[in-house]
Structures are given as structure tokens and as C-alpha cells.
Amino acid sequence: MTTVERILPTDEAHDLLALATELADRELAPRVADFENRSEFPREVIRTLGRAGLLGLPYPEEYGGAAQPYEVYLQVLEILASRWLAVAEAVSVHTLSCYPVATFGSESLRAMLPEMLGGDLLGAYCLSEPQGGSDAAALTTRARRDGDDFVISGSKAWITHAASADFYNVFCRTGGAGPTGISCLLADSGTPGIVPQTAERTMGLRSSPVAQIAFDEARVPVDRIVGDEGAGFRIAMTALDAGRLGIAACAVGLAQAALDYAVGYAREREQFGRSIIDFQGLGFLLADMATQVSAARALTLAAARLRDRGRPYSTEAAKAKLFATDMAMRVTTDAVQILGGAGYVADHQVERFMREAKVLQIVEGTNQIQRMVISRSLAR
Ligand SMILES: Cc1cc2nc3c(=O)[nH]c(=O)nc-3n(C[C@H](O)[C@H](O)[C@H](O)COP(=O)(O)OP(=O)(O)OC[C@H]3O[C@@H](n4cnc5c(N)ncnc54)[C@H](O)[C@@H]3O)c2cc1C
């Protein structure tokens, strides 16, 4: 494994990264192949991370979080992603799913945070729909008021954790058309009328369950609204700014793992009587890969530091997500090339890395949408 030089803000951050590395080596690395092959969600592994304090890193201590800067949380995520992307993505999605309650929720909703951040309750973020992913403001899942309840009807698509989740952030229409008609409701799994569908058969991240969820007159008490009525779209977009940095960190970790694997193989493999890493054609390819991973890490952490200082960071988060995930796709593809035929078979992890990289260019706003965010900021 190549050494990653890190500048961390505190000794506590050093300890956290050491803990994450130890857990990743002990709990993640030995299990990933088996769980991916069986498409099984590692719920117990997530619980273990929760007990170790790794699920609530950026949240306040009074709610069971660790009050860590985002730049520290992202580097923990990167380490987890380098061993098992689906677990890192689960941590990222769960962290995203806790954000609305932690930031906009009433005190009674925040009382659930210790269980959420400790890993006993797993979250899902229900924004996308079968008819609309990129154009989220056009969502059609509706919640009508009936006495002390909202009654939700509609359908959500591509929901990570789906049937495995304990709570859902449901973005739904409580008012008229457009973004200001959308609210965020916190629903428990097991609520009658909330029915996760069969999990999708995905290209990669097979241990991460993704499915549609049907809402058929599902009743959620009115005090389960997160923030004000009509504030849902703003909550969803603010959460995604932070979530995109999580996806960028996942991409950096995945690409680092692909780079490390390719370097190890290229040092060992001999052709024409010498290690293939000594051929300039491959040595330069690896040099470009290493440079791209470092650049993506730097861009991601620079955006995180803006967030940590309370500065606007939405455009920088879009740049980081765009650059890091495109980079991960390139680097994992090049890693397969470096292994030659061996890269194309499941015996070597790079085959999985390449399949997994693709989804990072799609989730939490496709990379076309990131370009839209960035170009709009240039036009303003
Ligand atoms: C494995 C996985 C997990 C996911 N997890 C979640 C989750 O937990 N919660 C959740 O809410 N969603 C989740 N998603 C959904 C994901 O966020 C959407 O797939 C994504 O936002 C794109 O939406 P779409 O699939 O409907 O594509 P579409 O919006 O139909 O887009 C199709 C194509 O058109 C392009 N496009 C659309 N609009 C424009 C434009 N204005 N300019 C240029 N190009 C454009 C897109 O980039 C894309 O290439 C997940 C998806 C996957 C695959």
C-alpha cells in the first residue's frame, strides 16, 4: 500500500483515523468479497461502526456525535471506502439521512439522534422517484393533511437501504407545484402503507440494497415534519451539498485502493524479463493515476474546510464530486488495464472497483447536474 501523507487538525483526528484503519482491516476487508458475492447487506458491520463512534462524526456531542470537522469525517470515509465501498456509501447515506433532523428537526425529533448516530437506527433518504431523479423539484409523491396525520401516497425510486432502513426522510408534496410545495417527513419503517419493493440487481455495490418504495396512504403524524412545511426542497439540497462531499471521499478511497492494487501487481508481474512497472508506458500511467487521486483528495478536503469554517461551499462540493468521481472511473479502468487479462476476472479486486466506480458518477446528482451547478455559479 502506498503511504498517504495527511495533515490532520488534532491528535484526536489522528486517533480516529487509526481506529478507522484498524476497523477497516479487521471488520471490512475480510468480509467484502463474500457479502458482495451474496448481495447481502452487512447490517452488523454498520452497527459495529456505530458502536465505535464512526456514524456520528460530524454531529454535536450532545446528540451522541463526535463534533468532528467535516475534513476529518471525510478522511475516515475514504479509509472505509478503500476496503469496502458499499459500507462507506452506507455510512455516507446514513450521515446524509441524519442531517435533516440534526439541522432542521424539532427537539422531539432530535431526541432520536443518539439512536441514529449510534447505529441502532439506520436511515434512508427518499428523494428520487421513478419519473424524476435529476429534476427533484418536480417530484409527485404527495402528503395530504388528515387530522393529526399526513397521509403519503406515491412512489420513490433507487432508495439506498430500502427494506433495511429503520427511518425514512420522505420528500413529498404538501403544497402546490415547484420547490416550495415540498416538505420533509420523517417516517418509521414498518408504518402501514410503506412497502419497500424487491431490491434492484445492480452492476456493483451489490451488498448495498437499493429499491423502490411504494407509499400507499401511509400515515405519518404531523409532528414528524422536519423543519417548516414547504422547506423540504431547501433541506434536501442543503443535505446534498454535504452528501456530495461524502461521495467524493468515497471516490478517493476507491481510487486509492485501485492504485495500490495496480502498483503492487505491476511491481510483481514480469514481462520481457523485467517488472512491468519499469516500462515507462505503465510507470507514467501509474504516475498519472497517483496524481489524480491526490488532486481529488485535495479538492474534496478544500471544500470540506470551507464548510467547516461556515463559508459557502455548494459549488466547491459540486466540483469535488464531479472531479473525484470522474477520476475514480478513470483510475479504476486504468487499474484493470495494468493487470491485463487478470484485471478482467473476479479473482482480482480491480474488476469490482471498476464496476463500483460507475455509480459514483450517478448518485446524489449525476455529474451532468454537478456541471449545471458549477456553470450556474459562473453565470451569476
Ligand atoms: C445505486 C443507486 C443508489 C441511489 N440511492 C439513492 C438514494 O438513496 N436516495 C435517492 O433519493 N436517490 C438515490 N439514487 C438515485 C440517483 O440520485 C438518481 O439516479 C440520479 O439523481 C439520476 O436520476 P435518474 O436516474 O432519474 O436519471 P435522469 O434524471 O432521468 O437522467 C438521465 C440522464 O439525463 C441527464 N440529465 C438530466 N437532466 C439533465 C440536464 N438538465 N442537463 C444535462 N443532462 C441532464 C442525467 O445526467 C442522466 O445522464 C440512487 C441511484 C443509484 C443508481
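All values reported here derive from a predicted model rather than from experimental measurement.

Looking now at the site of the ligand. The ligand sits among 16 residues. The nearest are Y125, S128, S134, W158 and T366. In this structure, S128 approaches the ligand through a side-chain N or O atom, which is 2.7 Å from a nitrogen atom. Contact distances for the ligand include 2.6 Å between an oxygen atom and a side-chain N or O atom of S134. Taken by itself the ligand offers 970 Å² of open surface, and the protein chains cover 64% of this. A majority-of-atoms criterion places the ligand in the largest pocket. Secondary-structure elements contributing two or more residues to the shell around the ligand are β3 (149-160) and α12 (367-379). Here the shell around the ligand takes three residues from β3, the largest share from any one element. Its residues assigned to classes, the shell around the ligand shows nine nonpolar, six polar and one charged. If you count residues domain by domain, the shell around the ligand takes at least three from each of domain 2 (123-231) and domain 3 (234-379).

Another point: the UniProt feature "domain: Acyl-CoA oxidase/dehydrogenase middle" (unreviewed entry) in the protein. Feature annotation in UniProt places "domain: Acyl-CoA oxidase/dehydrogenase middle" (unreviewed entry) on residues 124-217, given in this structure's numbering. Span residues 124-217 is 0% helix and 48% strand, its end C-alpha atoms 19 Å apart.

The next thing to look at is the environment of L28. Position of L28 among the secondary structure elements: in helix α1 (residues 11-28). According to the relative accessible area criterion, L28 is buried, its value standing at 0%. Taking C-alpha positions, L28 is 35 Å from F233, a pair spaced 205 residues apart along the chain. Discounting chain neighbours no more than four positions away, the residues touching L28 are L23, V45, L80, R83, W84 and V87.

Membership of the largest hydrophobic core comes to 79 residues, with the highest contact counts inside it found for L74 and L245. For this core, the element with the most residues is helix α8 (residues 232-268), which contributes 17 residues. When residues are assigned to domains, this core turns out to be shared by domain 1 (11-117) and domain 3 (234-379), each giving three or more. Excluding residues that lie within four positions of it along the chain, L74 makes contacts with L245, G246, A249, T300, L301 and A304.

Moving on to the pattern of salt bridges. All chains considered together, the criterion is met by 21 salt bridges. One salt bridge connects E78 with R6, and the closest N-O pair in it is separated by 3.0 Å. With E78 in helix α4 (residues 70-83) and R6 in the segment before α1, the pair connects residues that are 72 residues apart, well separated along the chain. E129 is the salt-bridge partner of K156, the closest N and O atoms lying 3.0 Å from each other. Of this pair, K156 sits in strand β3 while E129 sits in the loop between β1 (123-126) and β2 (142-146), placing them 27 residues apart in sequence. Of the two residues examined, K156 and E129, each falls in the buried class.

The next point concerns the packing of α4 against α8. Relative to each other, α4 and α8 sit at 40 degrees, their axes nearing to 7 Å. With respect to α8, the axis of α4 lies oblique. Seen along the crossing, α4 lies across α8 with a hand that is right-handed. Residue-level contacts link Y70, L74, L77, E78, A81 and S82 of α4 to A242, G243, L245, G246, A249, C250, V252, G253, L254 and A257 of α8. For the contact of α4 with α8, the per-class residue count stands at 11 nonpolar, four polar and one charged.

The rules behind these values
- Residues numbered from 1 in each chain as written.
- Predicted model: local features only at pLDDT ≥ 70, side-chain atom pairs only at ≥ 80, totals over all residues.
- Heavy atoms only, no water.
- Near = heavy atom within 4 Å.
- Polar contact = N/O pair within 3.5 Å; in protein donor to acceptor, adjacent residues only side chain to side chain.
- Areas by Shrake-Rupley, 256 points an atom, 1.4 Å probe, with all protein chains shown as cover.
- 1 Å grid on protein atoms, 1.4 Å probe; cavity = no way out; pocket = protein on both sides within 12 Å on 5 of 7 lines; lining within 4 Å.
- Sits in = over half its atoms within 2 Å of the grid points.
- Helix = DSSP H or I, 4+ residues; strand = E, 2+ residues; numbered from the N terminus.
- Nonpolar A, V, L, I, M, F, W, Y, C, P; charged D, E, K, R; others polar.
- Domains from an automatic or database assignment.
- UniProt positions renumbered as here; feature names shortened; annotations may be inferred.
- Buried < 20%, exposed > 50% of the residue type's maximum accessible area, 1.4 Å probe, protein only.
- Contact = heavy atoms within 4.5 Å.
- Core = buried A, V, L, I, M, F, W, Y, C linked by side-chain atoms within 4.5 Å.
- Salt bridge = Lys/Arg side-chain N within 4 Å of Asp/Glu carboxyl O.
- Axes fitted to C-alpha atoms, helices over the stretch in contact; angles between N-to-C directions.
- Parallel < 35°, antiparallel > 145°, perpendicular 65-115°, else oblique.
- Left-handed = near helix turned anticlockwise from the far one by under 90°.

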